[in-house]
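# Residue-level structural notes
Spelled out from the first residue to the last, the chains are:
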Amino acid sequence: MSRQSAQITCHSPDETCAIAQALGPLLRPGDCLLLKGEVGAGKTHFARCLIQGLLEMPEDVPSPTYTLVQTYPGRLGDLWHADLYRLTDIGEVEELGLLEAFETAISLVEWPDRLGDLAPQTALHLTLETAATEDARQLTFEWSDATWDARMKELCNGGS
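So, a few notes on the structure that sits alongside this text. (Residues numbered from 1 in each chain as written. Predicted model: local features only at pLDDT ≥ 70, side-chain atom pairs only at ≥ 80, totals over all residues. Heavy atoms only, no water.)

### Thoughts on the overall build of the chain
In terms of regular secondary structure, the chain is built from 5 helices and 7 strands. Moving toward the C terminus, one meets the helices and strands of the chain in the order β-α-β-α-β-β-α-α-β-β-β-α. For 160 residues, the compact-globule estimate of 2.2 N^0.38 gives 15 Å, and the chain sits close to it at 15 Å. Based on the C-alpha atoms only, the size of the chain along its principal axes is roughly 40 × 35 × 30 Å. Across the 160 residues of the chain, 48% fall into the buried class. (Helix = DSSP H or I, 4+ residues; strand = E, 2+ residues; numbered from the N terminus. Rg over C-alpha atoms; globule rule 2.2 N^0.38 Å. Buried < 20%, exposed > 50% of the residue type's maximum accessible area, 1.4 Å probe, protein only.)

### Considerations on the packing of helix 1 (residues 13-23) against helix 2 (residues 43-54)
Where helix 1 meets helix 2, the axes come as close as 8 Å, and the angle between the chain directions of the two elements is 50 degrees. Our classification of the angle between helix 1 and helix 2 gives oblique. Considering only the axes of helix 1 and helix 2, their crossing is right-handed. Contact residues: helix 1 offers Pro13, Thr16, Cys17, Ile19, Ala20, Gln21 and Leu23, while helix 2 offers His45, Phe46, Cys49, Leu50 and Gly53. Looking at the contact of helix 1 with helix 2 residue by residue, the classes come out as 8 nonpolar, 4 polar and no charged. (Axes fitted to C-alpha atoms, helices over the stretch in contact; angles between N-to-C directions. Parallel < 35°, antiparallel > 145°, perpendicular 65-115°, else oblique. Left-handed = near helix turned anticlockwise from the far one by under 90°. Contact = heavy atoms within 4.5 Å. Nonpolar A, V, L, I, M, F, W, Y, C, P; charged D, E, K, R; others polar.)

### Considering the nonpolar core
Ranked by size, the top nonpolar core spans 33 residues in total, and within it Leu23, Leu33, Phe46, Leu50, Leu139 and Phe141 carry the most contacts. Counting residues per element, the ones that place at least two in this core are strand 1 (4-10), helix 1, strand 2 (32-36), helix 2, strand 5 (106-110), strand 6 (124-130), strand 7 (137-143) and helix 5 (149-156). The greatest single-element share of this core, amounting to 6 residues, is contributed by helix 2. Discounting chain neighbours no more than four positions away, the residues touching Phe46 are Thr16, Ile19, Ala20, Leu23, Leu33, Leu35, Leu126, Leu128, Leu139 and Phe141. Among the nonpolar cores identified, the runner-up in size contains 18 residues, and Phe102, Ala105, Val109 and Trp111 belong to it. (Core = buried A, V, L, I, M, F, W, Y, C linked by side-chain atoms within 4.5 Å.)

### Details of the state of the cysteines
This structure, assessed with the given rule, holds 1 disulfide. Cys17 shares a disulfide with Cys49; S-S distance 2.2 Å. Between Cys17 and Cys49, the disulfide has an S-S torsion of -110 degrees and is therefore left-handed. Remark: Cys49 occurs in helix 2 and Cys17 occurs in helix 1; sequence separation between them is 32 residues. (Disulfide = S-S within 2.5 Å.)

### A few points about the layout of surface pockets
Put simply, the largest pocket is a space of about 160 Å³. Lining the largest pocket we find Glu38, Val39, Gly40, Ala41, Gly42, Lys43, Thr44, Thr65, Asp83, Tyr85, Glu110 and Trp111. Classifying every residue of the lining of the largest pocket by side-chain character gives 4 nonpolar, 4 polar and 4 charged. (1 Å grid on protein atoms, 1.4 Å probe; cavity = no way out; pocket = protein on both sides within 12 Å on 5 of 7 lines; lining within 4 Å. Points joined across faces, edges and corners; volume = space filled by probe spheres on them.)

### Some remarks on the sheet that holds strand 1
The sheet built from 7 strands is open, its strands ordered 1-7-6-2-5-4-3 with mixed pairing. One side of each edge strand has no neighbouring strand; the edge strands of this open sheet are strand 1 and strand 3 (69-74). Across the sheet, the mean angle from the axis of one strand to that of its neighbour is 15 degrees, orientation sign disregarded. In the sheet, strand 2 pairs with strand 6 via 4 bridges, with the strands oriented parallel. Bridged to Lys36 within strand 6 is Thr127. Docked against the sheet, helix 1 engages strand 1, strand 2, strand 6 and strand 7, running at close to 140 degrees with respect to strand 1. (Pairing = 2+ DSSP bridges.)

Okay, here's the thing in C-alpha cells:
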C-alpha cells in the first residue's frame, strides 16, 4: 500500500473545528483516527469538535486525559475517544477495550505512539502542528488504505 497525504491550513480554532465536523460524517464504524502533535497542538479540540458533530444528543465532551477513554453513542455508531499520554504499559490497550473498539466503533486516539504495533494498519493519521500565527494549525492527514482516498478527496475539496 502506498502512503498518501493531504494538508490543510486552518487559521483559527473555528476553522479547525469546521474541518473536524466535515470529517465526522465521512467516518464509519471500524475507522480509526490517530491524532499526533505536541501538547497544545489542538488534538483534543479537533476530537471534541468531531465527536460533538456526531452525537445523537448534545453533551459535554471532556478530555480523556485522566480516564484514558471516553465513549459516546453517535449517530453513525459508538464513538471512542482515547488519550494514551498517561498509558504506562502496552497491555493496558487491551484492558481498555481499544482493540475491539478499533473493529466496531469510530475511534479517535491521541498519543497513538503508545499503541506501538497495535495501531490499526488501516488508520487515518492526523498530525496537528502550530503554523504562522498562534491560532493557526497545519493539519497533515496520512493514510495507506485506499478506503480513505475518496473520503479525503471529499474533505479536502469541501464536498465537491
